[in-house]
Amino acid sequence: MPSLKSHVVSFVLRYSRKKAFSSPENLQRWIAYARKTENHQPPALLRSRFDITTRSVDGFPVYEIAPKAGERKRILYLHGGAYVFEITPYHWRLIGDMARRLGFGITVPIYPIAPEHDFHSMFGMVGKVYRQMLDETEAQDIVFMGDSAGGNMAVVLTMMAAEDALPLPSRHVLISPGLDVSLANPEVFEAERYDPWLGIPGGLEAVRLYSAGINPSDWRISPLYGDLSVLPKTLLLTGSRDMLTPDNLIFAQKARAAGVEIEVVLEQGMFHAWPLIDMPEARRARDSIVAFLTSETESYHAKADKLSLQKTDRVVTAHNLATPLRS
């Protein structure tokens, strides 16, 4: 049963953030307001706890959280925000929690966003960041992690790296990723009714602003249609009240058919990007991420059991969305 806090957060989202995605005009208004208030810098508390440095790639900042002594592994974290909003304190809290619990180095590019920039600028910048990581770290020690739009970018970046014959990351962690914006799946329209956060009209406007005229069914925009066989071992977390989940489950099925080892955590009653919020369901999700990324010598399921994940559903069949929780 979803926690009381998750119900409160869902209520707040429905009567606040949902409005941003209710129409193209509303999204544009939210973007204009966000530009006056956004601050990409890590919070002071995070800076006090970790060794964080900053460099510039293509004129945009890249933050580096140093790994613990002797640790080789690094995470490239690509934040969400529908390609039009900046990184938030919620992202930084998740990043800080992963740095504390895993000890990995974490690279956080503040990539160019729309409408001021587009797909080509975004991937030009993050592509350079990845190439620089490869100069310092073996690909087998690199993980791509991203939420929402950042989850999309993680998959697309891996596919682009494969096209360029670059070494590929060892693992993906995808949190509520947007993997198909073509609206080819009719289940998305039904799922939108129960989603307290996302909406199709505003989502399509965000895609229009960043996609540089590329067709929505092109794999560079909707990686569901790309070569999934190049993807690494993947953990995908998605919620039953997220309109992106029907396509995420299709992605998981297609990836598995292509030979990809993929774990899916489908959390009942959860909305988009819930692991970013401090609540019981998010703590379980973060436990599953830690278990997944520290499972080389111990099976993922055994590790997850130790982290009290017995209440989390891991399934890849769409029938779990047949009776979504109503608000």
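Residues numbered from 1 in each chain as written. Predicted model: local features only at pLDDT ≥ 70, side-chain atom pairs only at ≥ 80, totals over all residues. Heavy atoms only, no water.

Engineer: Help me understand the sheet that holds strand 7 (residues 233–239) in this model?
Structural biologist: Remark on secondary structure: sheet strands pair via backbone hydrogen bonds, oriented parallel or antiparallel. The strand order across the open sheet formed by eight strands is 1-2-4-3-5-6-7-8, and the pairing between neighbours is mixed. Two strands close off the open sheet at either side, each with one partner strand: strand 1 (52–57) and strand 8 (262–267). Between one strand axis and the next, the sheet turns through 15° on average, direction left out of account. Examined bridge by bridge, strand 7 and strand 8 share six bridges and lie parallel to one another. Within the sheet, the bridge partner assigned to Leu236 lies in strand 8 and is Val264. This element, helix 7 (residues 149–163), spans strand 3 (74–78), strand 5 (142–147) and strand 6 (171–175) of the sheet and lies at about 145° to strand 5. (Pairing = 2+ DSSP bridges. Helix = DSSP H or I, 4+ residues; strand = E, 2+ residues; numbered from the N terminus. Axes fitted to C-alpha atoms, helices over the stretch in contact; angles between N-to-C directions. Contact = heavy atoms within 4.5 Å.)

Engineer: What exactly am I supposed to notice about the packing of aromatic side chains here?
Structural biologist: Remark: the centre distance and the inter-plane angle together describe each pair of aromatic rings, the angle taken between the planes. Applying the stated rule across the entire model yields five aromatic pairs. Here Phe11 and Tyr15 contribute two aromatic rings whose centre-to-centre distance is 4.9 Å and whose plane-to-plane angle is 50°, an arrangement assigned as tilted. The class of Phe11 is exposed, set by a relative accessible area of 55%. Ring geometry for Tyr130 and Phe144: centres 4.9 Å apart, planes at 80°, overall edge-to-face. With Tyr130 in helix 6 (residues 119–136) and Phe144 in strand 5, the pair connects residues that are 14 residues apart, well separated along the chain. We classify Tyr130 as buried; its relative accessible area is 1%. A cation over an aromatic ring shows up here: Arg93 above the ring of Tyr90, its NZ or CZ 5.1 Å from the ring centre. For Arg171, the ring lying beneath its charged end belongs to Phe292, and the centroid distance is 5.0 Å. (Phe/Tyr/Trp six-rings, centres within 6.5 Å; stacked < 30°, edge-to-face > 60°. Buried < 20%, exposed > 50% of the residue type's maximum accessible area, 1.4 Å probe, protein only. Lys NZ or Arg CZ within 6 Å of the ring centre and 35° of its normal.)

Engineer: Whenever I open this one, the packing of helix 5 (residues 89–102) against helix 11 (residues 280–293) confuses me. Can you help?
Structural biologist: Relative placement of two packed helices is described by the angle separating their axes and the distance separating the axes. Two elements in contact, helix 5 and helix 11, have axes separated by 11 Å at closest approach and are oriented at 45°. Taken together, the axis directions place helix 5 and helix 11 in an arrangement best described as oblique. Crossing handedness for the pair helix 5 and helix 11: right-handed. Residue-level inspection shows Arg93, Leu94, Asp97, Met98, Arg101 and Leu102 of helix 5 in contact with helix 11, the latter providing Arg286, Asp287, Ile289, Val290 and Leu293. Residue composition of the contact of helix 5 with helix 11, by class: six nonpolar, no polar and five charged. (Parallel < 35°, antiparallel > 145°, perpendicular 65-115°, else oblique. Left-handed = near helix turned anticlockwise from the far one by under 90°. Nonpolar A, V, L, I, M, F, W, Y, C, P; charged D, E, K, R; others polar.)

Engineer: Is there a simple way to think about the nonpolar core in this case?
Structural biologist: Soluble globular proteins: nonpolar side chains tend toward being buried together. With 105 residues, the main nonpolar core has Phe251 and Leu293 as its most contacted residues. Not counting residues up to four positions away in its chain, the partners in contact with Leu293 are Lys73, Ile75, Leu102, Phe104, Val143, Met145, Arg171 and Val173. (Core = buried A, V, L, I, M, F, W, Y, C linked by side-chain atoms within 4.5 Å.)

Engineer: Looking at this model, I keep getting lost on the pairing of strand 5. Mind explaining?
Structural biologist: Both faces of the sheet carry side chains from a regular strand, because those side chains alternate between them. By the criterion of burial, strand 5 is predominantly enclosed, with six of the six residues buried. Residue alternation in strand 5 divides its side chains into two sets, Ile142, Phe144 and Gly146 and Val143, Met145 and Asp147, and both sets are buried. Two strands pair when backbone bridges link them, and strand 5 and strand 6 are joined in this way by five bridges, in the parallel orientation. Bridged to Asp147 within strand 6 is Ile175. Each parallel crossover has a hand, and for strand 5 linked through helix 7 to strand 6 it is right-handed. (Right-handed = clockwise from strand over helix to strand, strands pointing away.)

Engineer: I tried to follow the pairing of strand 3 on my own but got confused; where do I start?
Structural biologist: The buried fraction of strand 3 amounts to five of the five residues, a majority that puts the element mostly inside the structure. Burial along strand 3 is two-sided: Arg74, Leu76 and Leu78 facing one way and Ile75 and Tyr77 facing the other are all buried. In this view, the connection linking strand 3 to its parallel neighbour strand 4 (residues 105–109) by way of helix 5 has right-handed handedness. Strand direction decides the pairing type here: strand 3 and strand 5, joined by five bridges, are parallel. Pairing of Arg74 across the sheet is with Ile142, part of strand 5.

Engineer: What am I meant to see in the pattern of salt bridges here?
Structural biologist: It is possible for side chains bearing opposite charge to pair when their charged atoms get close. In this structure the tally under the stated criterion is 17 salt bridges. Close ionic contact of Glu205 with Arg208 constitutes a salt bridge, the shortest N to O distance being 2.8 Å. With Glu205 and Arg208 both in helix 9 (residues 200–210) and three residues apart, this pair spans about one turn of that helix. Of the charged contacts, one joins Arg220 and Asp218 as a salt bridge, the two residues approaching to 3.0 Å between their closest N and O atoms. Residue Arg220 is classed as partly exposed on the basis of its relative accessible area, which comes to 27%. (Salt bridge = Lys/Arg side-chain N within 4 Å of Asp/Glu carboxyl O.)

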